[in-house]
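Here's the letter readout for the chains.
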Amino acid sequence: MSFAPNILELIARARSDMRMGVPVIMTGEGQALLVASAETMSEERLTDFRGLAPELVLVITARRAETLKARVYDKDIARIRMPADATTRWVHCVADPSDDLMMPMKGPLAVERGGDVGLHQTAISLAKSAQLLPAVVVLPLHDAGSFALEHGLTIVPSQLAAENMAEAHQMDSVIHAGLPMRAAESGRLHIFRPDDGGEEHYAIEIGKPSRDKPVLARLHSACFTGDVLGSLKCDCGPQLNAALMQMGSDGEGVLLYLNQEGRGIGLANKMRAYSLQDQGFDTVEANHRLGFEDDERDFRIGANLLKKMGFSSVRLLTNNPRKIAMMENEGIQVAERVELKVGENRFNSAYLATKAAKSGHLL
């Protein structure tokens, strides 16, 4: 019978639960953790957590721990022992750097060390994939099955979840139709849906490019502020328009519009990063203070879409060498890098300089 959700469906359900503030259960190797997002944790649920185990743990990333001057014993995460009287205000202050300059002293923070942290690491990955702050409140459970049944909670097998979240997922073509655009009347929009319940991604095809030679291509990550609102803080909107106009001028090309807002951290976290930039931090420092890496995007999605559409070689419109490396690693030949230097202004010049200095962009 196929009624029970598979691992991809369980992960999608768990993401949704965490975004709503509902705890999930992470299991593996005779262990189980009750896990809740720090960002969406309510005072009522925190009280209930403490009723099950008075000593709670807040798991954060090593990047966030570095900002808080907390010891990191577990490579990419830190397990902070929560004070007995910790409220959701304390949880949010440790997880969210918005008030770091006003409240710089969060500690002293006692950090756990030793033991298996696989469940904790998977819980952080799950929070990231839900585009929440990468911080979770956890406590150990002894009878996870009964507890889940009693409270209607989702159980996620940790190892399977970690393996599946690390994979490049299958993209299913949903529909495509003609779309005349300002850049080219011969446009066609393709919609692709991933099998893991994540965001849909789009391919804008201009003309009828040959599948037998390198196609002019652009991997463009969604940027609501730049693409829609015309933000001057980045160069995304000008890059999008310039790429489409160049394809229209050439009479063919394909632009992949990937829903990986804010370098893969989501619009809410991107706005948190902007708030930190207003305090004087650059774009990389802001991501680190939030607990994220410089760039959380998965460019394998772009390679998979190109293959799905029958392309094996591209002339890639990009200033980012990482995109070239990922394309080649995934079997897409980059016959040529076509530079795309547009959109610099007085509001984003420092941002572009940081991308060049810290992220290796060719600007």
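For the structure itself, consult the block above.
Within every chain, residues take consecutive numbers counted from 1 along the sequence as written. Only residues with pLDDT of at least 70 are given local features in this predicted model, and only at 80 or more are side-chain atom pairs given and counted; all residues enter the totals for whole chains, interfaces and linings. Water and hydrogen atoms play no part in the side-chain values, which are based on all heavy atoms of the structure.

Q: What exactly am I supposed to notice about the overall build of the protein chain here?
A: Starting at the N terminus, helices and strands are each numbered in turn, a helix being any DSSP run of H or I of at least four residues and a strand any DSSP run of E of at least two. Helices and strands together make up the secondary structure of the protein chain, namely 15 helices and 14 strands. Radius of gyration means the value over C-alpha atoms here, while the globule rule gives 2.2 Å times the residue count to the 0.38 power. Relative to the globule expectation of 21 Å for 363 residues, the C-alpha radius of gyration of the protein chain, 22 Å, shows essentially globular dimensions. Counting only C-alpha atoms, the protein chain reaches 65 × 55 × 30 Å along its principal axes. Residue pairs at least 24 apart in sequence account for 67% of intrachain contacts in the protein chain once pairs closer than 6 positions are excluded. Only the protein chains shown count as covering a residue, and every accessible area follows the Shrake-Rupley method with a 1.4 Å probe. Roughly 16,900 Å² of accessible area belongs to the protein chain as shown, and the carbon and sulfur atoms make up 52% of that amount. When charges are tallied, Lys and Arg are placed among the positive residues and Asp and Glu among the negative ones, while His and the ends of the chain are skipped. Just so you know, the charge point we use is NZ for Lys, CZ for Arg, CG for Asp and CD for Glu. Once the 40 positive and 47 negative side-chain charges of the protein chain are each reduced to a mean point, those two points are 5 Å apart. We call two residues contacting when some pair of their heavy atoms lies within 4.5 Å.

Q: Is there a simple way to think about the sheet that holds strand β2 (residues 31-37) in this case?
A: Pairing between sheet strands relies on hydrogen bonds along the backbone, with the strands arranged either parallel or antiparallel. Strands are treated as partners if at least two bridges between them are detected by DSSP. Pairing in this open sheet of seven strands is mixed, and the strands run β5-β4-β3-β6-β2-β1-β7 from one edge to the other. Looking at which strands have only one partner, the edges of the open sheet turn out to be β5 (111-112) and β7 (155-157). For strand β1 (residues 24-28) and β7, the ladder comprises three bridges, and the chain directions are parallel. Residue T27 lies in a different strand from β7, and its bridge partner there is P157. Strand contacts of helix α2 (residues 43-52): β2 and β6 (135-140), with the helix running at about 160° to β2, the strand carrying the most contacts. Strands in contact with helix α5 (residues 118-129) are β1, β2, β3 (57-61), β4 (77-81) and β6; relative to β1, the strand with the most contacts, it is inclined by about 140°. A fitted line through C-alpha atoms serves as each axis, taken over the contacting stretch for helices, and the angle formed by two N-to-C directions is quoted from 0 to 180°.

Q: Just to check I follow, could you spell out a negative patch on the surface for this structure?
A: Taken together, the side chains of E163, E167, D172 and D195 make up a negatively charged region of the molecular surface. The topology assignment puts D195 in the loop between β9 (187-194) and β10 (201-206). By relative accessible area, which is 33% here, D195 ends up partly exposed. By definition, no residue in a patch forms a salt bridge, and every one has over 30% relative accessible area; like charges are joined within 9 Å, nonpolar side chains (Val, Leu, Ile, Met, Phe, Trp, Tyr) within 5 Å. Salt bridges are defined by distance alone: a side-chain nitrogen of Lys or Arg within 4 Å of a carboxyl oxygen of Asp or Glu. Three exposure classes are used, based on accessible area relative to the maximum for each residue type with a 1.4 Å probe and protein chains only: buried under 20%, partly exposed in between, and exposed over 50%.

Q: Any chance you could explain the state of the cysteines here in plain terms?
A: Covalent bonding between the sulfur atoms of two cysteines is what defines a disulfide. Cysteine sulfurs are considered disulfide-paired once they come within 2.5 Å of each other. Taken as a whole, this structure holds zero disulfides when the rule is applied. With no disulfide of its own, C223 lies closest to C236 among cysteine sulfurs, the gap being 3.7 Å. Take C223: its relative accessible area is 4%, and that puts it in the buried class. Unpaired in this structure, C236 has its nearest cysteine sulfur neighbour in C234, at a distance of 3.6 Å. Classification of C236 by relative accessible area gives buried; the value is 15%.

Q: What is the right way to read the sheet that holds strand β8 (residues 171-178) from this model?
A: Spatially, the seven strands line up as an open sheet ordered β8-β9-β10-β12-β11-β13-β14, and their pairing is mixed. With partners counted over all chains shown, the strands left at the sheet margins are β8 and β14 (333-338), one partner each. Between one strand axis and the next, the sheet turns by 25° as a mean value, whatever way the strands run. Bridging between β9 and β10 involves six bridges; their strand directions are antiparallel. Across the sheet, residue F192 finds its bridge partner in β10, namely H201. Along the sheet face, helix α13 (residues 300-308) touches β8, β9, β10, β11 (215-221), β12 (253-258) and β13 (313-317) and points at about 140° away from the line of β12.

Q: Just checking my understanding: could you explain the environment of R337 for this structure?
A: Its location among the elements puts R337 in strand β14. R337 sits in the partly exposed class, given a relative accessible area of 30%. Expressed as a C-alpha distance, the spacing of R337 and L317, which sit 20 residues apart in the sequence, is 6.1 Å. Distance and chemistry together define a polar contact, namely a pair of N or O atoms within 3.5 Å, with one atom able to donate a hydrogen and the other to accept it when in protein, and with adjacent residues in sequence counting only for side-chain atoms on both sides. A distance of 2.8 Å separates a polar side-chain atom of R337 from the backbone oxygen of T318.

Q: Please clarify how the side chain of R15 should be interpreted in this entry.
A: With respect to the helices, strands and loops of the structure, R15 is situated in helix α1 (residues 7-20). There is a polar contact of 3.2 Å between the side chain of R15 and the backbone oxygen of D196. The residues contacting R15, other than those within four sequence positions of it, are L126, S129, A130 and D196.

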